[in-house]
Amino acid sequence: MPTVGGFHKGTGKAYPGKLTPFVFLTCAVAAMGGLIFGYDVGISGGVTSMAPFLKKFFPSMYEKVALDKSTSQYCKFESETLTLFTSSLYLAALAASLVASTVTRKFGRKLSMLFGGLLFCAGSIINGAAEAVWMLILGRMLLGFGIGFANQSVPLYLSEMAPHKCRGALNIGFQLSITIGILVANMLNYSFAQIKGGWGWRLSLGSAVVPALIVTVGSLALLDTPNSLIERGQHDAAKTRLKRIRGVNNVAEEFNDLVAASEASKLVEHPWRNLMQRKYRPHLAMAILIPFFQQFSGINVIVFYAPVLFQTIGFKSDASLISAVITGGVNVFATSVSIYGVDKWGRRFLFLVGGAQMLICQIVVATCIGVKFGVDGYPGELPKWYAVVVVLFICVYVAGFAWSWGPLGWLVPSEIFPLEIRSAAQSINVSVNMLFTFIIAQIFLSMLCHIKFGLFLFFAFFVLVMSFYIYFFLPETKGIPIEEMFERHNTIEVSSILRSFAEKTAEDNFQAGALS
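Calculation notes
- Residues numbered from 1 in each chain as written.
- Predicted model: local features only at pLDDT ≥ 70, side-chain atom pairs only at ≥ 80, totals over all residues.
- Heavy atoms only, no water.
- Helix = DSSP H or I, 4+ residues; strand = E, 2+ residues; numbered from the N terminus.
- Buried < 20%, exposed > 50% of the residue type's maximum accessible area, 1.4 Å probe, protein only.
- Contact = heavy atoms within 4.5 Å.
- Areas by Shrake-Rupley, 256 points an atom, 1.4 Å probe, with all protein chains shown as cover.
- Phe/Tyr/Trp six-rings, centres within 6.5 Å; stacked < 30°, edge-to-face > 60°.
- Lys NZ or Arg CZ within 6 Å of the ring centre and 35° of its normal.
- Patch = residues over 30% accessible without salt bridge, like charges linked within 9 Å, V, L, I, M, F, W, Y side chains within 5 Å.
- Salt bridge = Lys/Arg side-chain N within 4 Å of Asp/Glu carboxyl O.
- Axes fitted to C-alpha atoms, helices over the stretch in contact; angles between N-to-C directions.
- Parallel < 35°, antiparallel > 145°, perpendicular 65-115°, else oblique.
- Left-handed = near helix turned anticlockwise from the far one by under 90°.
- Nonpolar A, V, L, I, M, F, W, Y, C, P; charged D, E, K, R; others polar.
- Core = buried A, V, L, I, M, F, W, Y, C linked by side-chain atoms within 4.5 Å.
- pLDDT = per-residue confidence, 0-100.
- Disulfide = S-S within 2.5 Å.
- Expected span 1.5 Å × (residues − 1).

*Asks:* Could you clarify how one ought to interpret the overall build of the protein in this entry?
*Replies:* Within the protein one finds 24 helices and zero strands. Scored against the burial criterion, the 516 residues of the protein give a buried share of 60%. Of the contacts formed within the protein by residues at least 6 apart in sequence, a portion of 84% connects residues at least 24 apart. Surface exposure of the protein reaches about 19,700 Å², of which carbon and sulfur atoms provide 68%.

*Asks:* How should the packing of aromatic side chains be read in this particular structure?
*Replies:* Any pair of aromatic rings gets described here by the distance separating the centres and the angle formed by the planes. Scanning the model with the defined rule gives 26 aromatic pairs in all. Ring geometry for Phe468 and Phe472: centres 6.4 Å apart, planes at 10°, overall stacked. Here Phe472 and Phe468 lie together in helix H22 (residues 454-473), a separation of four residues that amounts to about one turn. A centroid spacing of 5.0 Å and a plane angle of 85° characterise the contact between Tyr471 and Phe472, whose relative ring orientation is edge-to-face. Clustering of aromatic rings is evident, with ring pairs tying together Phe292, Phe293, Phe296, Phe351, Trp405, Phe436, Phe458, Phe459, Phe461, Phe462, Tyr469 and Phe473. Just above the ring of Phe57 sits the side chain of Lys56; from NZ or CZ to the centre is 5.7 Å. The ring of Phe22 has Arg244 lying over it, and the distance from NZ or CZ to the ring centre is 4.0 Å.

*Asks:* Even after reading the chapter, I still don't get a nonpolar patch on the surface, so can you show me in this structure?
*Replies:* On the surface, a cluster of nonpolar side chains totalling about 420 Å² of accessible area is made up of Tyr340, Trp345, Phe349 and Val353. Breaking the nonpolar patch down by element, the ones donating at least two residues are helix H17 (317-345) and helix H18 (347-373). Structurally, Tyr340 is set in helix H17. For Tyr340, a relative accessible area of 52% translates into the label exposed.

*Asks:* Teacher, can you tell me more about the packing of helix H6 (residues 109-128) against helix H10 (residues 209-221) here?
*Replies:* Two quantities define a packed helix pair, namely the angle between the helix axes and the distance between the axes. Two elements in contact, H6 and H10, have axes separated by 8 Å at closest approach and are oriented at 155°. One finds that H6 runs roughly antiparallel with respect to H10. In terms of crossing hand, the pair formed by H6 and H10 is left-handed. Listed contacts from H10 to Lys110, Met113, Leu114, Gly117, Leu118, Phe120, Cys121, Ser124 and Ile125 of H6 are Val209, Ala212, Leu213, Val215, Thr216, Ser219 and Leu220. In terms of residue class, the contact of H6 with H10 is made up of 11 nonpolar, four polar and one charged.

*Asks:* Sorry if this is basic, but what is going on with the packing of helix H1 (residues 21-31) against helix H8 (residues 167-192) here?
*Replies:* Where H1 meets H8, the axes come as close as 8 Å, and the angle between the chain directions of the two elements is 35°. The hand of the H1/H8 crossing is right-handed. The residues of H8 that touch H1, namely those facing Val23, Phe24, Cys27 and Ala31, are Leu170, Gly173, Phe174 and Ser177.

*Asks:* Would you take a moment to explain the nonpolar core for this structure?
*Replies:* Side chains of a nonpolar character, in soluble globular proteins, are inclined to be buried together. Of all hydrophobic cores here, the largest spans 116 residues; its most connected members are Phe53, Trp405 and Met434. Counting residues per element, this core draws most heavily on helix H21 (residues 419-451), which supplies 14 residues. When residues no more than four places from it in sequence are discounted, the contact partners of Met434 are Phe37, Tyr90, Ala93, Leu94, Ile147, Asn151 and Trp410.

*Asks:* What should I look at first to understand the pattern of salt bridges in this one?
*Replies:* A side chain with one charge may pair with a side chain of the opposite charge, provided their charged atoms come close. Per the counting criterion, the structure on display carries eight salt bridges. The shortest N-O distance in the salt bridge between Glu160 and Arg109 comes to 2.7 Å. Within this pair, whereas Glu160 is found in helix H7 (residues 133-161), its partner Arg109 is found in helix H6, the two being separated by 51 residues in sequence. When its relative accessible area of 3% is taken as the criterion, Glu160 is described as buried. Residue classification places Arg109 among the buried positions, given a relative accessible area of 0%.

*Asks:* Just checking my understanding: could you explain the confidence of the model for the protein for this structure?
*Replies:* Where the model shows low pLDDT, its predicted coordinates should not be examined in detail. For the protein, the average pLDDT comes to 79, and 80% of its residues sit at 70 or higher. Taken element by element, the predicted model of the protein shows its lowest mean pLDDT in helix H24 (residues 496-515) (45) and its highest in helix H9 (residues 200-206) (92). Low pLDDT, under 50, characterises residues 1-12; the predicted model gives this stretch 57 contacts beyond four residues in sequence or across chains. Counting contacts from residues 488-506, a segment whose pLDDT is below 50, to residues more than four positions away or on other chains yields 28 contacts.

*Asks:* Sorry if this is basic, but what is going on with the environment of Ile172 here?
*Replies:* Looking at the element boundaries, Ile172 is found in helix H8. The exposure class assigned to Ile172 is buried, which follows from its relative accessible area of 0%. Spatially, the C-alpha atoms of Ile172 and Leu411 are 6.7 Å apart, while their sequence positions differ by 239 residues.

*Asks:* Hey, could you run me through the side chain of Asn429 in this one?
*Replies:* Structurally, Asn429 is set in helix H21. Excluding anything up to four places from it in sequence, Asn429 contacts Ala287, Pro291, Gly409, Trp410 and Pro413.

*Asks:* Teacher, can you tell me more about the state of the cysteines here?
*Replies:* Here a disulfide denotes a covalent bond joining the sulfur atom of one cysteine to the sulfur atom of another. The full count for this structure, using the stated rule, is zero disulfides. Distance from the sulfur of Cys166, which forms no disulfide, to the nearest cysteine sulfur (Cys27) is 8.1 Å. Judged by relative accessible area, Cys166 falls into the buried class, the value being 17%. With no disulfide partner, Cys361 has as its closest neighbouring cysteine sulfur the one in Cys395, 9.7 Å distant.

*Asks:* Would you mind going over H7 with me for this structure?
*Replies:* Since the α-helix packs 3.6 residues into each turn, any two residues three or four apart lie on the same face. Given a rise of 1.5 Å per residue, 29 residues ought to cover 42 Å, and the 42 Å separating the end C-alpha atoms of H7 matches this to within 8%. By the criterion of burial, H7 is predominantly enclosed, with 24 of the 29 residues buried.

*Asks:* Sorry if this is basic, but what is going on with helix H2 (residues 33-47) here?
*Replies:* For H2, which comprises 15 residues, the first-to-last C-alpha distance of 22 Å matches the rise-based estimate of 21 Å (1.5 Å per residue) to within 8%. Extensive coverage of H2 is indicated by the burial of 15 of its 15 residues.

*Asks:* Would you mind going over the side chain of Thr179 with me for this structure?
*Replies:* As for its placement among the helices and strands, Thr179 is situated in helix H8. Leaving out residues up to four positions away in the same chain, Thr179 has contacts with Asn331, Val332 and Thr335.

*Asks:* Honestly, the environment of Phe255 in this entry has me stumped. Any pointers?
*Replies:* Tracing the backbone shows Phe255 in helix H13 (residues 252-266). Sequence separation between Phe255 and Asn227 is 28 residues, and the spatial gap between their C-alpha atoms is 9.1 Å. For Phe255, the contacting residues outside a window of four places in its chain are Ile230, His235, Ala238, Lys239 and Leu242.

Structure (C-alpha cells):
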C-alpha cells in the first residue's frame, strides 16, 4: 500500500490499556466543541433565506429575491455583503487558530476550549440582539474566534486521550458533534421561520449560546491530557492520569515514550520554523493539502447555502429549509457509520470510497440542473420527480463526504504530527481549513451566478484530484500509537507507480546527459 516519507503504516507498539468509561465520557464532552462549529455552519444558510432577515439587513437583496422576476435563478442571491456576513467568521477563525496554537501548547488543551466557548457565547448574544449589519459582522467575528480556539484544541485532545486502537472512532466524535450541530440548526431554522412577526431569525442566531454554554461548562469539567501535563513538566500527575485513562497500572512503556517525545519537543525552540525541516515535509504537506481538498470538495456549498441552493433550483422557502433538514440528518447518520468503520476498515478505504461517491453525485446533480435550467436560469415549472432526484443525489453526496473527508479531514492531520510540532502543525491545519472555507463562502454565490451548473463540475474536478492524492501519498495510520507515528516509522517509501516513474525519469536524464 502506498506510503509517504516521514511515517509508515507499520504495526506500532501494543500499549496495554482499554477504552474506559471515564475516557469515553471525557471524549464525548470534549467532542461537544464541534457543536459550536456545526450550529453556526447550519444556522447562517438558514437565516439568509428568511425574508424578514433579508428585509431588515439586506433590503436590496430582499427585493431581488422576492420581487424581481427578471433575474436569473442562478444570480438571485449574489451579494458581496451577504457573503461577508457568512464568511467573516472563517477569517476570524483563521486568525484565532494561530494564537490558539501557543495557548494550547503552554496552558493546555482544556483552557483553549474554555476560551473558545466564552468567545462563542459573546458572539451569539451580539448576533441575536443585532440591529445593524456591523453588529452581525462583529458577532460573527467573535464566533469565529471561538471556533478557531475550539477547532485547534479539540482534535488534539481527542487524539491524545484515546487508546490507539479506537483513536479514530473517538476523534470522529468531533465531526459527529459538528453534524449534530448542523442538523439542530436546520431544524430550528425551519421552526423559527414559522413564527409570526418576522423575528424568528433572532432566535436562530441567539440560540447559538446554548452549544456555547455546553462547551464552556464542559471544558471546566475536563482533565488535561497526559501529553499536555508532561509538556508542562507535571510528570507525576501525568503518570497518574495515564493510569486512570488506560484503566491499568502497567503504563510504564507508554509513559516513557510520552516523556521521551516531550523531551525531544523541548529541544525545539521554534516549532514553526521546525515545520520547514525536510523530515517534516510530508506532515506539512498533509497539514496543508488535506484541509484544502476538504473545502474544495464542495461540501460547504451544500452545508452553508443548502436553503439558498434549494431555493435557487426551484424549491419554495419552507421546502428548501426542510430539504436542508433532510441532508443534515443524512450527515449525522453517515458520520456515525464512519465512527463504526474508521478503525476497522482504515482511513484510506473511507477516503477513496467517499471520494468516488461524491464524484459521481456531483456529475449527476450538474447534469440535472444543466438540463432543466440551462444557462439562462429560467426553468419554468419544476416537477416533483425532479426535486426528488436532486435531493436524493445531494443526500448521497453528503453521505459520501460525511464518512470520509468530513471526519478524516480532522482526524488524520491531528494524529500524524510528533509532539514537538503538533500544536503548530494543527494550527496550520485549522488555518488552511478556515482560509479556504472563507474563500469558498465568499465567492460561491458569485461563482454560481457566472459558472451556473458548471460549479458542481468545478468541485467534481477537485474531488478527482484529491482521490488520486490519497491513493498515492497517504499511508494507513489505523492502529498506530500517536507517539509512535513518526519515531518508529521514519522511513521514506513511495508507491510502485511513483517509484517506476522516478526510476524512468532518472534513466532518461542519464541518457540525455550521456548524449550531450
